[in-house]
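Chain by chain, the residues:
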Amino acid sequence: MVAEEAEEGALAALLSELALVIGDNAEAAELLTTLKTEVGNADAKVVGMEDQVGAMKDQYLRLNADFDNFRKRTLKEKETLASSVKGKFVEAMLPVLDNFDLAEKNIKGETDGEKKILTGYQNMHKQLVEILSSQGLKVVAGVGSPFDPNEHEAIMREEDDSVEEDTIIEEFRKGYKIGDQLVRASMVKVAAKP
């Protein structure tokens, strides 16, 4: 900017000197007038081009920012979609996990055959839990933990002096989360003061 102003000042000084040299020569004065007009037009074109360059630079910066926002939004949507799909898949697998838990409670393992079946169920249950855990599945805190309406669904209250009020004393169905997202709330019985 400073260099441009210095050039314009030098050009104006040269035109002034040229006007003094020309003096009364009408033809040279006409050429000088034409030259001044052309210089003025060139200056106007330069200013116009500088404005265009500024507008294009602004447009480039806006497009770049829009693209960056688009990229971030797309990445976030992709992560949300992946989490949602994972949550739906895990939610569909929870009845199988519940059935394994139920089978483990109901098979006593008194005979050799029952012990083998129980061991098989336990191994399959362990494998299923490991697979789902690798996908981010976590069990919601159950018996002995304080009741949290965001993670637990209280279906019963029972008077109990042995624990603090609003402590979970029985879990009817386990609850699960993936990360911080609740997949299914625990169904629990909560202690109440008599």
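Please read all numbers here as calculations on a predicted model, not as lab measurements.

Asker: Help me understand the overall build of the chain in this model?
Answerer: For the chain, the helix and strand inventory stands at three helices and six strands. Counted from the first residue to the last, the chain has its helices and strands arranged as α-α-α-β-β-β-β-β-β. In terms of overall dimensions, the chain has C-alpha extents of about 130 × 45 × 20 Å along its principal axes. Buried positions account for 21% of the 194 residues belonging to the chain. For the chain, the share of sequence-separated contacts (at least 6 apart) that also reach a separation of at least 24 residues comes to 58%. Accessible surface for the chain amounts to roughly 14200 Å². Of this, 57% is attributable to carbon and sulfur atoms. The distance from the centre of the 24 positive side-chain charges to the centre of the 38 negative ones in the chain is 12 Å.

Asker: Quick question: what am I supposed to make of the nonpolar core here?
Answerer: Across soluble globular proteins, you tend to see nonpolar side chains buried next to one another. Counting residues in hydrophobic clusters, the biggest one holds 10 residues: V90, L94, L97, F100, L128, L132, L137, Y176, I178 and V183. At the level of secondary structure, the elements contributing two or more residues to this core comprise α2 (26-106), α3 (112-134) and β4 (176-178). Here this core gets four residues from one element, more than from any other, and that element is α2. Once residues lying within four places of it in the same chain are set aside, the contact partners of L132 are F89, V90, M93, L97 and L137.

Asker: Help me out: how do you make sense of the sheet that holds strand β3 (residues 168-173) in this one?
Answerer: Sheets are built from strands that pair by backbone hydrogen bonding, the pairs being arranged parallel or antiparallel. Spatially, the three strands line up as an open sheet ordered β2-β6-β3, and their pairing is mixed. Two strands close off the open sheet at either side, each with one partner strand: β2 (152-159) and β3. Across the sheet, the mean angle separating the axes of adjacent strands is 25° when strand polarity is ignored. Bridge analysis of β3 against strand β6 (residues 186-192) gives four bridges, and the strand direction is antiparallel. Residue pairing for β6: E170 is matched across the bridge by K189.

Asker: Looking at this structure, I do not really get the pairing of β6. What am I missing?
Answerer: Two faces, one strand: in a regular strand the side chains alternate between the faces of the sheet. Most of β6 sits out of view: six of its seven residues are buried. With seven bridges connecting them, β2 and β6 associate as parallel partners. Considered in β6, the bridge of H152 is made with S186.

Asker: Help me understand the packing of α2 against α3, please; the structure alone is not making it clear to me.
Answerer: Each packed pair of helices is defined by two parameters, the angle between the axes and the distance between the axes. Here α2 crosses α3 at 155°, and the two axes come no closer than 10 Å. Considered as vectors, α2 and α3 are oriented roughly antiparallel to each other. The interaxial crossing formed by α2 with α3 has left-handed handedness. The segment α2 lies against α3, with F89, V90, M93, V96, L97, F100, D101, A103 and E104 engaging L118, Y121, Q122, M124, H125, L128, V129 and L132. In terms of residue class, the contact of α2 with α3 is made up of 13 nonpolar, two polar and two charged.

Reading the values: rules and limits
Residues numbered from 1 in each chain as written. Predicted model: local features only at pLDDT ≥ 70, side-chain atom pairs only at ≥ 80, totals over all residues. Heavy atoms only, no water. Helix = DSSP H or I, 4+ residues; strand = E, 2+ residues; numbered from the N terminus. Buried < 20%, exposed > 50% of the residue type's maximum accessible area, 1.4 Å probe, protein only. Contact = heavy atoms within 4.5 Å. Areas by Shrake-Rupley, 256 points an atom, 1.4 Å probe, with all protein chains shown as cover. Lys, Arg positive; Asp, Glu negative; His and termini not counted. Charge placed at Lys NZ, Arg CZ, Asp CG, Glu CD. Core = buried A, V, L, I, M, F, W, Y, C linked by side-chain atoms within 4.5 Å. Pairing = 2+ DSSP bridges. Axes fitted to C-alpha atoms, helices over the stretch in contact; angles between N-to-C directions. Parallel < 35°, antiparallel > 145°, perpendicular 65-115°, else oblique. Left-handed = near helix turned anticlockwise from the far one by under 90°. Nonpolar A, V, L, I, M, F, W, Y, C, P; charged D, E, K, R; others polar.

Just geometry here; none of it tells us what the structure is for.
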